[in-house]
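What the coordinates show
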Amino acid sequence: MAKIGVYVCHCGENIAGAVNIEEVVKYSQTLPDVVVVKNYVFMCSDPGQDLIKQDIKDGLVDRVVVAACTPRTHEPIFRDAVEAAGLNRYFLEMANIRDQDSWAHWHDKSGATEKAKRLIKSAVAKVRLAEPLYDRYGDVEKSVMVVGGGVAGMFAALDLANMGLKVYLVERQPSIGGNMIKLDKTFPTMDCSACILTPKMVEVAQHPNIELITYAEVDEVKGYVGNFDIRVRKKARYIDWDKCTGCGVCTQICPARVPNEYNFGMDQRRAAYIEFPQAVPKKAVIDAPNCLYFKSLKKTGKPACEICKKGIPPKGIQGCPADAIKFDDKDEYVTLKVGAVILATGYKVMDKTHFKEYSPHSPDVVTAMEFERILSATGPTEGELKRPSDGTKPKTIAFISCVGSRDERYHSYCSKVCCMYMFKHARILKEKYPDIKLYLFFIDVRTAGKDFEEFYVYTKQLGVKVIRGGRVSAVDVKPNGKLRVRGFDVDLCSPVELEADMVVLATAIEPPEGTEELGRLFAATCGREGFLREVHTKLYPVETAAKGVFIAGCVQGPKDIPESIAQSRAAAAAAAALVIPGKIKFEAIISEVDRDKCSSCGVCVPLCPYNAIRLEEYKGKDKAKIEPALCAGCGVCASACPSRAIVFHGYTTEQILAQIEALTEV
Amino acid sequence: MEEVTVNVIDLNQCDEDFIKQLIELGAEELKECIQCGKCASTCPMALAGLEFFIKRIIHAATLGLRDILIEDPSVWACQSCNRCVEICPMDVKPYEIIQAVRRAAVRVEACPASTYEGLRNLYRFGHAVFPKGFEERRKKAGLPEKPPTALSFDELRKKYQEVLKQTILEEIAPFPLD
Amino acid sequence: MKKIGLFLGCNIPFNRPDVEYSIRYLLNELGVEIVELEGATCCPAFGSMPSLDVVGWATASAWNLTIAEEKGVDIITGCGSCYGSLNEAKYHMDKHPEIKEQVNKILSTVGKEYKGTSKVWNVINYLYEEIGLDNLKAKIKYNLNGLKCAVQTGCHNLWPSKAYPTNEDNTFNPTRMREICEALGGVAPHYSTITDCCGMGALRSQASAKSLALFKKKLDVIKEEIDPDVCITGCNSCLMQFDAGQALLIEQKKLNYKIPALHIAQLVAIALGADVEKATALATIPLNGVITKIKGGN
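**Re the overall build of chain A**
- Across its full length, chain A carries 19 helices and 34 strands.
- Reported as C-alpha extents along the three principal axes, the dimensions of chain A are approximately 95 × 70 × 40 Å.
- Counting over 666 residues, chain A shows a buried share of 56%.
- Taking all contacts inside chain A whose residues are at least 6 apart in sequence as the whole, residues at least 24 apart take part in 68%.
- When the accessible area of chain A is evaluated, it comes to approximately 29200 Å², of which 52% is carbon and sulfur surface.
- Of note, chain A has its 89 positive side-chain charges centred 4 Å away from the centre of its 85 negative side-chain charges.

**Examining the interface of chain B and chain C**
- Between chain B and chain C, the contact holds 59 residues from the first and 63 residues from the second.
- Both faces considered, chain B and chain C share a buried interface measuring about 5100 Å² in area, 66% of it formed by carbon and sulfur atoms.
- The largest per-residue losses of area from chain B upon contact with chain C belong to Gln79, Arg83 and Glu86 of chain B, which jointly make up 12% of the total buried on that side.
- Counting across the interface, chain B meets chain C through one salt bridge.

**A few points about the state of the cysteines**
- Enumeration according to the criterion identifies one disulfide over all chains in this entry.
- Across the disulfide from Cys192 of chain A sits Cys195 of chain A; the S-S distance is 2.5 Å. Around the S-S axis, the bridge from Cys192 of chain A to Cys195 of chain A shows a dihedral of about 80 degrees and counts as right-handed.
- Classification of Cys192 of chain A as partly exposed rests on a relative accessible area of 27%.
- Looking at Cys84 of chain B, it has no disulfide partner, and the nearest cysteine sulfur is the one in Cys81 of chain B, 5.9 Å off.

**Overview of the pattern of salt bridges**
All names here are of chain A.
- Following the criterion strictly, the structure yields 70 salt bridges over all chains and no others.
- Across the pair Lys235 and Glu217 runs a salt bridge whose closest N-O atoms are separated by 3.2 Å. Here Lys235 is found in the loop between β12 (227-234) and α9 (249-253), whereas its partner Glu217 is found in strand β11 (residues 216-224), with 18 residues between them in sequence.
- Judged by its relative accessible area of 16%, Lys235 falls in the buried class.
- The salt bridge partner of Asp407 is Arg409, with a shortest N-O separation of 3.0 Å.
- The buried category is assigned to Asp407, whose relative accessible area is 2%.
- Accessibility expressed as a relative area gives 33% for Arg409, which makes it partly exposed.

**A look at the packing of helix α3 (residues 46-57) of chain A against helix α4 (residues 71-84) of chain A**
Residues and elements named next belong to chain A.
- With their axes 9 Å apart at the nearest point, α3 and α4 run at an angle of 30 degrees to one another. The chirality of how α3 crosses α4 is right-handed. Contact residues: α3 offers Gln49, Ile52, Lys53 and Ile56, while α4 offers Ile77, Phe78, Ala81, Val82 and Ala84.
- Of the residues contributing to the contact of α3 with α4, the split by class is seven nonpolar, one polar and one charged.

**A look at the packing of aromatic side chains**
All names here are of chain A.
- Inspection of the entire model under this criterion finds 27 aromatic pairs over all chains.
- Through a chain of ring-to-ring contacts, three or more aromatic side chains come together here, namely Tyr238, Tyr293, Phe294 and Phe327.
- Between the NZ or CZ atom of Lys126 and the centre of the ring of Tyr651, over which it lies, the distance is 3.7 Å.
- The lysine or arginine in question, Lys235, covers the ring of Tyr215, its NZ or CZ lying 4.9 Å from the ring centre.

**Some points on the domain arrangement of chain C**
Residue and element names in this part refer to chain C.
- One can read the domain layout of chain C as domain 1 (2-122) and domain 2 (141-297).
- For domain 1 versus domain 2, the distance between C-alpha centres works out to 24 Å.
- Taken together, the contacts link 28 residues of domain 1 with 31 residues of domain 2.
- In this structure, Lys141 engages Glu29 in a salt bridge whose closest nitrogen and oxygen atoms are separated by 3.2 Å.
- Between domain 1 and domain 2 we count 12 residue pairs in polar contact (both at pLDDT 80 or more) in total.
- Elements with a minimum of two residues in the side of domain 1 that touches domain 2: α1 (11-14), α2 (17-29), α4 (80-95) and β4 (120-122).
- The dominant element in the side of domain 1 that touches domain 2, judged by the number of residues it contributes, is α2, at nine residues.

**Here we look at unusual backbone geometry**
- Here the amide bond leading from Phe187 of chain A into Pro188 of chain A is cis, since omega sits at -5 degrees, within 30 degrees of zero.
- Its place among the elements puts Pro188 of chain A in the loop between β8 (185-186) and β9 (191-192).
- Following Cys43 of chain C, the chain continues into Pro44 of chain C via a peptide bond in cis, with omega recorded as 10 degrees.
- Looking at the element boundaries, Pro44 of chain C is found in the loop between β2 (32-36) and α3 (54-71).
- Unlike most non-glycine residues, Cys493 of chain A shows phi in positive territory, near 55 degrees.

**Side note on the pairing of β11 of chain A**
All names here are of chain A.
- In this structure, β11 lies alongside β12, joined through eight bridges in antiparallel fashion. For Val218, the partnering residue across the bridge sits in β12 and is Val232.
- Hairpin geometry of β11 and β12 is characterised by an intervening segment of two residues between the two adjacent antiparallel strands and by a positive phi of about 90 degrees at Gly226.

**Some details on α3 of chain C**
All names here are of chain C.
- Between its terminal C-alpha atoms α3 stretches 26 Å, which fits the 26 Å expected from 18 residues at 1.5 Å a residue.
- The buried fraction of α3 amounts to 16 of the 18 residues, a majority that puts the element mostly inside the structure.
- For α3, the N-terminal cap is Asp53; the gap from its side-chain oxygen to the backbone nitrogen of Gly56 is 2.6 Å.
- Backbone geometry just after α3 places Gly72 at a positive phi near 70 degrees.

**Comments concerning the side chain of Ser51 of chain C**
- Here Ser51 of chain C shows up in the loop between β2 and α3.
- Ser51 of chain C sits in the buried class, given a relative accessible area of 0%.
- In terms of polar contacts, Ser51 of chain C uses its side chain to reach the side chain of Gln99 of chain B, at 3.0 Å.
- Within the local environment of Ser51 of chain C, its side chain forms a polar contact with the backbone oxygen of Phe46 of chain C, the two atoms lying 2.9 Å apart.
- Ignoring any residue separated from it by four or fewer positions in sequence, one finds Ser51 of chain C in contact with Trp76, Gln99, Arg102, Arg103 and Val106 of chain B together with Phe46 of chain C.

About the criteria used
- Residues numbered from 1 in each chain as written.
- Chains lettered and ligands numbered in written order.
- Predicted model: local features only at pLDDT ≥ 70, side-chain atom pairs only at ≥ 80, totals over all residues.
- Heavy atoms only, no water.
- Helix = DSSP H or I, 4+ residues; strand = E, 2+ residues; numbered from the N terminus.
- Buried < 20%, exposed > 50% of the residue type's maximum accessible area, 1.4 Å probe, protein only.
- Contact = heavy atoms within 4.5 Å.
- Areas by Shrake-Rupley, 256 points an atom, 1.4 Å probe, with all protein chains shown as cover.
- Lys, Arg positive; Asp, Glu negative; His and termini not counted.
- Charge placed at Lys NZ, Arg CZ, Asp CG, Glu CD.
- Buried area = accessible area lost by both parts, 1.4 Å probe.
- Salt bridge = Lys/Arg side-chain N within 4 Å of Asp/Glu carboxyl O.
- Disulfide = S-S within 2.5 Å.
- Axes fitted to C-alpha atoms, helices over the stretch in contact; angles between N-to-C directions.
- Left-handed = near helix turned anticlockwise from the far one by under 90°.
- Nonpolar A, V, L, I, M, F, W, Y, C, P; charged D, E, K, R; others polar.
- Phe/Tyr/Trp six-rings, centres within 6.5 Å; stacked < 30°, edge-to-face > 60°.
- Lys NZ or Arg CZ within 6 Å of the ring centre and 35° of its normal.
- Domains from an automatic or database assignment.
- Polar contact = N/O pair within 3.5 Å; in protein donor to acceptor, adjacent residues only side chain to side chain.
- Pairing = 2+ DSSP bridges.
- Expected span 1.5 Å × (residues − 1).

Okay, structure coming up:
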């Protein structure tokens, strides 16, 4: 017969504030096999743990229930304590009477107390049936894959490479650099974005430990923490990168013109193109859907244009001088073995078309990201401030904040960087064109951050007009092409309107396309807003639900450059801490098949998210077999098995039924 | 002589029961408002210069400033244009909050005389708007003196009155429903 | 043959029956059979039952909706408030079964039941979707001859869009009325305050001077930006502000120009050959110039 000790934690006032501890203690004493019940203000503190350890050492208890907070953060601590006192570490059960009880029902003390009793009763029922389990150890591949070559991915890759680890940096675009390389200047120091980023891009490309794989995407993920097998699809470039010198001849002679994504369609590029002047690697690709060679091949069976390859001899125009054009190029697949992964795929900004009240049909209404390109020397106007509609220099510009952010119809969150970059835009413009009139419309000004408030005050001193307290409700186009902006000024306590030449919308930061699919490939989950989710906002900010898969930068949520870099270096440290020791512990909570009971139906095989189950011959029949190293202990197979042939250690059917019974008993 | 008072609102006046009442009367999303002010920049009441307009009304409502809201007649000047509902980023449905304040006000008989007049006309004739001299105007347009509405059908009008008597009008109307 | 229930409301039959005449005329000309909604009442107006409670509002609306349902027809109205109130009440009932249930409990005492089978149209959307611009063009007797129109769709014809069965692609940049005017041979440029409120409605009755000032601001922009021959409204209340309201501003010496105004139904009726005397019988601002331009062109 088990001797169960129940240890009730007050968690300061967190639990004791809503749950009547005394009553819970009394109740717990009445539960079957419970021999000791103790309570303490902080059970996770050393003296708290000592209470448990002492009772075990004294031989009073051989099973432990801790009624406290979440096992997510505290179970390892109490398992260690139980083990240190000489018990199997799985003879411990936690009843979460804080997160699932006192916090949720703080307004209903008697209800919370009753629920605490039930949760403890259920934990006691489970721990009575606990079996001893033993952890296992496995080898770890000493390499890391970083997905996304923006500023976050680059810094993570560099840190890991400098620690001596092999790093594969996979980027979807032809060049690394991400969103940051598109920016003109950066707040609060006003560094030129390209000036501070290009040296880093070169460093990444030249680092002996970094293998840069651009114009490529993750295609398939197999394996598990410490031993991932990741298949990467390198998209056909139609240009042999071993030969391409980045001279740019093909990008000048290619006759097919398409909107240039890099400048958000405000100018054109060719079908053969180098993504941008400072691209790393500086290599050209051919965009097949827009290339005349492929278009006509598809339509007529014959290629119509090979100018990039052969030039136009009658006109004396030469084709690719490096003979790098390779029309028969194919997608290429490589499988890489890594111990850990960092996902740093960044963000995209919302398109203006959603905001019908802001006259999105007007070319003079632009998003802030488009405006960055207008300001940039490598942008469509080569840095000259021009109205997209008629090329004139705007005299009055309105900036509108919170477009699609703090908005239940799109994104309830604050995009965090908009207030600051609006001031940055204002400062760039005012320093260049002191006479320009700038009106910044805010709901409220959010400038929390090092040196941010000072930046705001300085920019205001340049004569920038700040209108607070009224989200703009309408932008209307006048017949003369000017834009009427309507807002509300809470300080004047009046509606206000403004005639502007241009309107810049600070549209929300969103997860980039494919984030959910990417997460699914790696078994990392997304939050409500579609960003990849950390395990714990405070304690585990770079870890995901998938072990060995870490996140950094805006793919986890909106943040500015300093924060992105800080987080990416944190992710690098966390990934390094995992792979450098070369060994990893696997928990004993896994599933196992009783092959004599298995009916060979195979239901479990496709259900397993970790590909850990296969059918294998046993006594002349194909029976399910679970590979312990691959099993992550999710329990899906055990709950699906129609023959109840799968035992989920740590959560056996008997244990679960006992818990349900305890919870539902009238 | 005009009464002179200081311009301070006593926040201790906040009446939680009033907030609850408004929510019951249709201001279901009241507490979602983040006071972004988008409605205020387009609300005809604000543009026309009324003292109390949508943003302030909602804020006063979230603070439960019952007397201020009930005593101020501004809500009765709302155009019901619904532009606020269309643009509200938090889907607060500002117009529904105006209606909720009106509904709370009529329950303590704090509404303009024209409201009762409209209700009386609605009950008596089937038409809340019932201006004099319409027969003459209809003749000018070559139409019969009375339109084929409840006005022309006594039986149907009586039935309609039966229906109205079973609504809240029965409790609120300061005129006899017979 | 198409059939439709003509919902009159209050302001159209009592204040601007010339609009009623025009709607009747244009439906006849376009081959749509008018079904009279006998016993119909006020929609009800936003300041009446809607200001008491939702169930009372929905009940009063449902009375009208059931008349059309019983006759198996959709409803057409030329008044923005009616369009708004009926559709919003429908939306409340269709979205919240408990409201519909309470309404039907009351209606059952007089042998009625709201089912939700009749759609509520305004004149603009009915012409645009059910008749179609090509059909309309084919029936014109008098071309508008380049008549420059400033269109005013009206708030209630646009918002709240979620309550409406059909609407403009962008309610902040409405084009349907402009397209109708152009199909008739007129020109109808965009102007920057096209979706601004005219000021008619509760504001006009509670704060008349402010309402007229708001209207004047809009009219000034219209005058400055497009200087039209005529203002065309999609809503009867807007028409009353644009016509009688404008006359008031002139009388108060607050306006030194005048722009005649017509409801879209009047404009279409005239183009289809309606008796101008009847179709514009209650207009305050003289329409001579407008009629001459239309009839002169043939």
